[in-house]
Amino acid sequence: MTIFSVQSTLFTRASVALLSSNGLKRFSFSSAALYSPPLPKTKKRRFPIVSAVDIGGVTIARNDVVRDDDPTNNVPDSIFSKLGMQLHRRDKHPIGIIKNAIYDYFESNYAKKFETFEDLSPIVTTKQNFDDVLVPADHVSRSLNDTYYVDSQTVLRCHTSAHQAELLRKGHRRFLVTGDVYRRDSIDSTHYPVFHQMEGFCVFSPEDWNESGKDSTLYAAEDLKKCLEGLARHLFGAVEMRWVDTYFPFTEPSFELEIYFKEDWLEVLGCGVTEQRILKQSGLENNVAWAFGLGLERLAMVLFDIPDIRLFWSDDERFTSQFGKGELGVKFKPFSKYPPCYKDISFWISESFTENNFCEVVRGIAGDLVEEVKLIDSFTNKKGMTSHCYRIVFRSMERSLTDEKVNDLQSKVRDEVQRKLNVELR
Ligand code: DAH
């Protein structure tokens, strides 16, 4: 379950299945905070430990990010290893191809007006990630269940909006920020704990809107919509689109853009007119601004026909060789789909149980061999004990999994779930 973005509860799973990859909805509604304790850390590690990563020329040591000594820390090795990957900076990768196509759009329509940032560190303060963009103190996105905490004041950014205020303070007025963002979440073909967003921001001065005779907010909202409709056409061609009113803590009014794709309305981005308080923090009280955030995986899944979000992380040549620099229209040809293997696990949950914690245990063991984790049964007995039954779908994108391998994974999941999650197996 999540909070404000794309990744969950606002809509039913079925209707957002594809869209829900990659995160806009997370900030689009407010709800009470949800506390879930971090998973106990264990010594045993199933991932090869990466000891350091390089982000924009800065080396980050594992021990500063995966910290056994800090009870708030909930970053596993599998997540740390993603920190330096920067898929968005690879010109032949679908994520990089889309980023470049968006850059092209801004270059042709606003030559040299937007600065681009793409190697800002994903390790940010809670102030940057939440406070600076007015996320309420009790917002569920702040919980350990939803966000990766390095320590109580430091997180892996859960959205690129984390950089808005800092860039404004440094004097930037029009910019695009692209980067990897991190969210604890459920597991299926459109959800992955790391994905990529692009943030757009544009500040206007009184002379911009005075001439138009319009009120500043209306002027910014209209300009924003025009800009993003043009972007959607640039990426998708002549598509049907619609605007939906929504809520984000950092904008008022706030909108989502949906496009009609394959017989369904697909949410592609969140945006709005920036809250005046955010501008004020940077001494811009006489200005108005618009901002947007879009999820690159979601766009890429649609544009390239990529069926499973795990593929973005694959270095299998059968995937990587299908994409070329600047080739936006290519449709991905699935290499043979290997058979899935289903395993069920049932247990009595405890009060602190959360599905995100369970999914993290499963990913910690099976990595990208897990395709989906689905709650298939839940009931409460007369004594008030609640039982959950989850179906885990194991499937490799690269080979057939043997029974032996799957049984081994499942048995490790059973052990670890019991040990880490304080549940009673049935
Ligand atoms: N940060 C939002 C999310 O991840 C997306 C977003 C919405 C960004 C509206 C914006 C905005 O800049 O104005 O859910």
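- The protein has the name phenylalanine--tRNA ligase in an unreviewed UniProt entry, where Brassica campestris is given as its organism.
- Recorded in UniProt for the protein, the comment headed Sequence similarities (unreviewed entry) runs: "Belongs to the class-II aminoacyl-tRNA synthetase family."
- Here the protein is described in UniProt, under the heading Function (unreviewed entry), as follows: "Is responsible for the charging of tRNA(Phe) with phenylalanine in mitochondrial translation."

## Remarks on the environment of Leu296
In step 1: As for its position among the elements, Leu296 is in helix α10 (residues 296-303).
In step 2: Judged by relative accessible area, which is 0%, Leu296 ranks as buried.
In step 3: When the C-alpha positions of Leu296 and Val133 are compared, they lie 21 Å apart, and in sequence the two are 163 residues distant.
In step 4: Excluding its chain neighbours within four sequence positions, the residues that come into contact with Leu296 are Ile95, Ile98, Ile102, Thr178, His196, Gln197 and Met198.

## Some thoughts on the domain arrangement of the protein
In step 1: Here the protein is partitioned into domain 1 (52-321) and domain 2 (341-425).
In step 2: When each unit is reduced to the centre of its C-alpha atoms, the spacing between domain 1 and domain 2 is 31 Å.
In step 3: When the two sides are added together, the surface that domain 1 and domain 2 hide from each other amounts to roughly 1,600 Å², 44% of it contributed by carbon and sulfur.
In step 4: The largest per-residue losses of area from domain 1 upon contact with domain 2 belong to Arg184, Ile187 and Arg310, which jointly make up 46% of the total buried on that side.
In step 5: Our count for the domain 1 to domain 2 interface comes out at 2 salt bridges.
In step 6: Linking Glu360 and Arg184 is a salt bridge whose minimum nitrogen-to-oxygen distance equals 3.3 Å.
In step 7: In the side of domain 1 that touches domain 2, the residues fall into 7 nonpolar, 6 polar and 8 charged.

## Brief notes about the pattern of salt bridges
In step 1: A complete count under the given rule lists 24 salt bridges for this structure.
In step 2: The salt bridge involving Arg62 is made with Asp77; its shortest N-O contact spans 2.6 Å. A residue pair is termed long-range when its members are at least 10 positions apart, and Arg62 in helix α2 (residues 62-65) and Asp77 in helix α3 (residues 77-80) qualify at 15 residues.
In step 3: By relative accessible area, which is 9% here, Arg62 ends up buried.
In step 4: Across the salt bridge formed by Arg67 and Asp69, the nearest N and O atoms sit 3.6 Å from each other.
In step 5: Among the charged side chains, a salt-bridge network with shared partners connects Arg67, Asp69, Asp70 and Asp151.

## A short note on helix α8 (residues 216-236)
In step 1: Its 21 residues give α8 an end-to-end C-alpha distance of 30 Å, which sits within 8% of 30 Å, the value for a rise of 1.5 Å per residue.
In step 2: Count one or two residues on from α8 and you reach Gly237, which has phi positive near 80°.

## Observations regarding the sheet that holds strand β8 (residues 194-204)
In step 1: Spatial strand order, β3-β7-β8-β12-β11-β10-β9: 7 strands in an open sheet with mixed pairing. On the outer flanks of this sheet lie β3 (115-117) and β9 (241-248), each paired with one strand and no other. This sheet shows a mean twist of 25° between the axes of neighbouring strands, independent of strand direction.
In step 2: Bridge count for strand β10 (residues 251-261) against strand β11 (residues 264-274) is 9 bridges, and the pairing is antiparallel. Its bridge partner being in β11, Phe261 is matched across the sheet by Asp264.

## Observations concerning the pairing of strand β15 (residues 386-394)
In step 1: β15 sits mainly inside the fold: 8 of its 9 residues count as buried.
In step 2: Note: strand β13 (residues 341-348) against β15, 8 bridges, orientation antiparallel. Looking at the pairing, Ser346 lines up with Cys389 of β15.
In step 3: The pairing of strand β14 (residues 370-380) with β15 spans 9 bridges and is antiparallel. Counted as the bridge partner of Asp377 is Cys389 from β15.
In step 4: Two successive antiparallel strands, β14 and β15, enclose a turn made up of 5 residues, where Gly384 displays a positive phi of approximately 90°.

## Comments concerning the confidence of the model for the protein
In step 1: Looking at the protein, pLDDT values average 90 and 90% of them are 70 or higher.
In step 2: Every residue in residues 1-23 is under pLDDT 50, and counting partners more than four places away or in other chains gives 95 contacts.
In step 3: Note that residues 29-33 has pLDDT below 50 and, in this model, 17 contacts with residues that lie over four places away or in other chains.

Rules of the game
Residues numbered from 1 in each chain as written. Predicted model: local features only at pLDDT ≥ 70, side-chain atom pairs only at ≥ 80, totals over all residues. Heavy atoms only, no water. UniProt positions renumbered as here; feature names shortened; annotations may be inferred. Helix = DSSP H or I, 4+ residues; strand = E, 2+ residues; numbered from the N terminus. Buried < 20%, exposed > 50% of the residue type's maximum accessible area, 1.4 Å probe, protein only. Contact = heavy atoms within 4.5 Å. Domains from an automatic or database assignment. Buried area = accessible area lost by both parts, 1.4 Å probe. Salt bridge = Lys/Arg side-chain N within 4 Å of Asp/Glu carboxyl O. Nonpolar A, V, L, I, M, F, W, Y, C, P; charged D, E, K, R; others polar. Expected span 1.5 Å × (residues − 1). Pairing = 2+ DSSP bridges. Axes fitted to C-alpha atoms, helices over the stretch in contact; angles between N-to-C directions. pLDDT = per-residue confidence, 0-100.

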